[in-house]
Amino acid sequence: MCLVIPKEYKNSLSVIETQQAIKDLKDFFENRLGEMLKLTRVSSPLFVLPETGTNDNLNGVETPVSFEVPYLHKDAEIVHSLAKWKRMALKKYGFPVGRGLYTDMNAIRKDEELDNLHSLYVDQWDWELVIAKEDRTIDTLKEVVRDLFEVFKETEEHVHEIYPEVGCELPEEITFITSQELLDMYPHLTPKEREDAIVKEKKAVFLMQIGKTLSDGKKHDGRSPDYDDWDLNGDILFYNSVLDQAIELSSMGIRVDEDALERQLKAAGCEDRKELDYHKALLAGKLPYTIGGGIGQSRICMFFLNKAHIGEVQVGIWPEKMIEECSEAGIELL
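What counts, and at which threshold
- Residues numbered from 1 in each chain as written.
- Predicted model: local features only at pLDDT ≥ 70, side-chain atom pairs only at ≥ 80, totals over all residues.
- Heavy atoms only, no water.
- Helix = DSSP H or I, 4+ residues; strand = E, 2+ residues; numbered from the N terminus.
- Rg over C-alpha atoms; globule rule 2.2 N^0.38 Å.
- Buried < 20%, exposed > 50% of the residue type's maximum accessible area, 1.4 Å probe, protein only.
- Contact = heavy atoms within 4.5 Å.
- Areas by Shrake-Rupley, 256 points an atom, 1.4 Å probe, with all protein chains shown as cover.
- Patch = residues over 30% accessible without salt bridge, like charges linked within 9 Å, V, L, I, M, F, W, Y side chains within 5 Å.
- Salt bridge = Lys/Arg side-chain N within 4 Å of Asp/Glu carboxyl O.
- Lys, Arg positive; Asp, Glu negative; His and termini not counted.
- Charge placed at Lys NZ, Arg CZ, Asp CG, Glu CD.
- Pairing = 2+ DSSP bridges.
- Axes fitted to C-alpha atoms, helices over the stretch in contact; angles between N-to-C directions.

Chemist: Teacher, can you tell me more about the overall build of the protein here?
Modeler: The secondary structure content of the protein amounts to nine helices and eleven strands. The C-alpha atoms of the protein give 20 Å as radius of gyration, which agrees with the globular expectation for 334 residues (20 Å, within 12%). With respect to the principal axes defined by its C-alpha atoms, the protein has extents near 55 × 50 × 40 Å. The buried share among the 334 residues of the protein stands at 52%. Counting contacts in the protein only where the partners sit at least 6 residues apart, residues at least 24 apart contribute 74% of the total. Here the protein displays about 15,300 Å² of accessible surface, and carbon together with sulfur accounts for 50% of that area.

Below, the structure written as structure tokens:
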């Protein structure tokens with residue numbers, strides 16, 4: 001656990017004002033997200049059966065919360081994310097190229113290390129858009145990122161109009177850089193330190209190609225091999241001036257096609273997954289080509305409302321010592 005206590009932290013909104021601001025912010029962002037990317041809101045699962053292969057394996061070491069379903073004589077898993085489920089839903093609902101879906105995703109990640117940005121509960125907008133195979137390109141990825149950044153910019157302006165005490169900090173444009181280029185710039189820093197360094201300079205960055213092994217023999221960060229194409233993915237990072245560090249607001253990418261799935265499963269030593277329902281359908285060419293990602297709801301509230309801790313915008317469970325230290329600094333955890 002690494003808790004950051006900002007010096008002379010001042011909470012510009014009361015608890016009640018924060019609750020209203022959260023609703024205003026979420027409603028605006030959700031509507032603009034759907035309009036900008038031509039997405040339809042759909043319902044989504046809280047839990048899935050593991051044999052379907054639709055749960056997200058994250059870095060491969062996190063254990064999902066599971067429970068027995070006596071009626072089925074099977075165990076179900078709370079989702080980690082909906083990266084793979086969404087692609088199957090697009091096919092099931094018959095979405096055409098250029099249209100997509102989004103949903104409220106709620107998850108439990110019990111292995112998270114609790115700090116200012118991480119809690120046991122994950123709430124995000126999961127979205128997925130159907131694209132043509134020939135549009136599986138860097139140019140397509142950047143175009144969608146720029147559209148998303150425009151939604152972030154509009155949301156910032158909307159919040160500032162309602163709550164003038166909350167300032168505007170985003171630049172006019174988002175900067176694109178690959179994880180290898182970032183390593184070349186800061187070879188002596190850790191991945192997290194490299195992210196902090198680049199966002200302090202650029203303020204808004206899309207860090208691309210995460211999951212690949214870099215020139216130093218390491219990965220910038222882990223990515224499951226069966227949803228993002230590691231050559232066509234990335235994270236949206238903003239500079240959080242309250243914490244003086246990077247905050248990741250979205251992980252996204254163009255999804256694997258048949259070739260990329262084969263290649264990445266082999267690289268990750270996960271070829272046994274090819275026997276799961278999702279992977280069989282993808283390898284057989286039965287799923288649409290897509291781009292998609294998740295956008296952290298609590299994190300965008302943290303960022304746009306200038307909060308120091310995610311516990312100020314979502315109810316959670318925290319260590320007593322963390323609660324005490326936050327309270328002494330004027331950080332009121334819900």
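Back to the write-up after that little detour.
Chemist: Hey, could you run me through a nonpolar patch on the surface in this one?
Modeler: On the surface, Val15, Ile16, Val315 and Leu334 cluster together into a nonpolar patch covering about 360 Å² of accessible area. If you trace the backbone, Val15 turns up in helix H1 (residues 15–37). Using a relative accessible area of 34% as the deciding quantity, one classes Val15 as partly exposed.

Chemist: Sorry, what's going on with the pattern of salt bridges here?
Modeler: Pairing between side chains becomes possible if they bear opposite charge and their charged atoms approach one another. Counted by the stated rule, this structure contains 28 salt bridges. With its nearest N and O atoms 3.5 Å apart, the salt bridge here joins Lys200 to Asp244. Separated by 44 residues along the polypeptide, Lys200 in helix H5 (residues 191–202) and Asp244 in the loop between strand S9 (228–240) and strand S10 (245–255) bring together distant segments of the chain. Classification of Lys200 by relative accessible area gives partly exposed; the value is 38%. Overlapping salt bridges bring together Lys86, Asp126, Glu128, Asp228 and Arg255 as one network.

Chemist: For this particular structure, what's the right way to read a negative patch on the surface?
Modeler: Where like charges cluster on the molecular surface, the negative patch consists of Glu134, Asp135, Asp139 and Glu143. Relative to the assigned elements, Glu134 resides in the loop between strand S6 (121–130) and helix H3 (138–162). In this structure Glu134 comes out as exposed when scored by relative accessible area, which is 63%.

Chemist: How should I be thinking about the pairing of strand S8 (residues 204–208) in this particular structure?
Modeler: Taken across its five residues, S8 has five buried, putting it largely inside the fold. Both faces of S8 are covered, namely the face carrying Ala204, Phe206 and Met208 and the face carrying Val205 and Leu207. In terms of strand pairing, strand S7 (residues 175–178) meets S8 through four bridges, oriented parallel. From the neighbouring strand, Phe176 faces S8, where its bridge partner is Phe206. Relative to S9, S8 runs antiparallel, the two sharing five bridges. Counted as the bridge partner of Leu207 is Asp235 from S9.

Chemist: Got a minute to help me understand the sheet that holds strand S2 (residues 47–48) in this structure?
Modeler: Taken in spatial order, the three strands of this open sheet run S2-S4-S3, and their pairing is antiparallel. Two strands close off the open sheet at either side, each with one partner strand: S2 and strand S3 (66–69). Examined bridge by bridge, S3 and strand S4 (residues 74–78) share four bridges and lie antiparallel to one another. Considered in S4, the bridge of Val69 is made with Lys74.

Chemist: Which parts of the structure should I look at to understand the sheet that holds S10?
Modeler: In a beta sheet, neighbouring strands pair by backbone hydrogen bonds and run either parallel or antiparallel. A sheet is described by the order of its strands in space; here eight strands give the open sequence S1-S5-S6-S11-S10-S9-S8-S7, paired in mixed fashion. If you trace the sheet from one side to the other, it starts and ends with strand S1 (39–41) and S7, each paired once. If you compare each strand with its neighbour and ignore which way they point, the axes differ by 25° on average. Judged from the five bridges that link them, S10 and strand S11 (residues 290–296) form a sheet pairing that is antiparallel. Looking at S11, one finds that Met252 is bridged to Gly293.

Chemist: Is there a simple way to think about the environment of Glu165 in this case?
Modeler: By secondary structure assignment, the location of Glu165 is in the loop between H3 and S7. Judged by its relative accessible area of 42%, Glu165 falls in the partly exposed class. When the C-alpha atoms of Glu165 and Gln264 are compared, they prove to be 47 Å apart, with 99 residues separating the residues in sequence. Among residues more than four places away in sequence, those in contact with Glu165 are Ser12 and Leu13.

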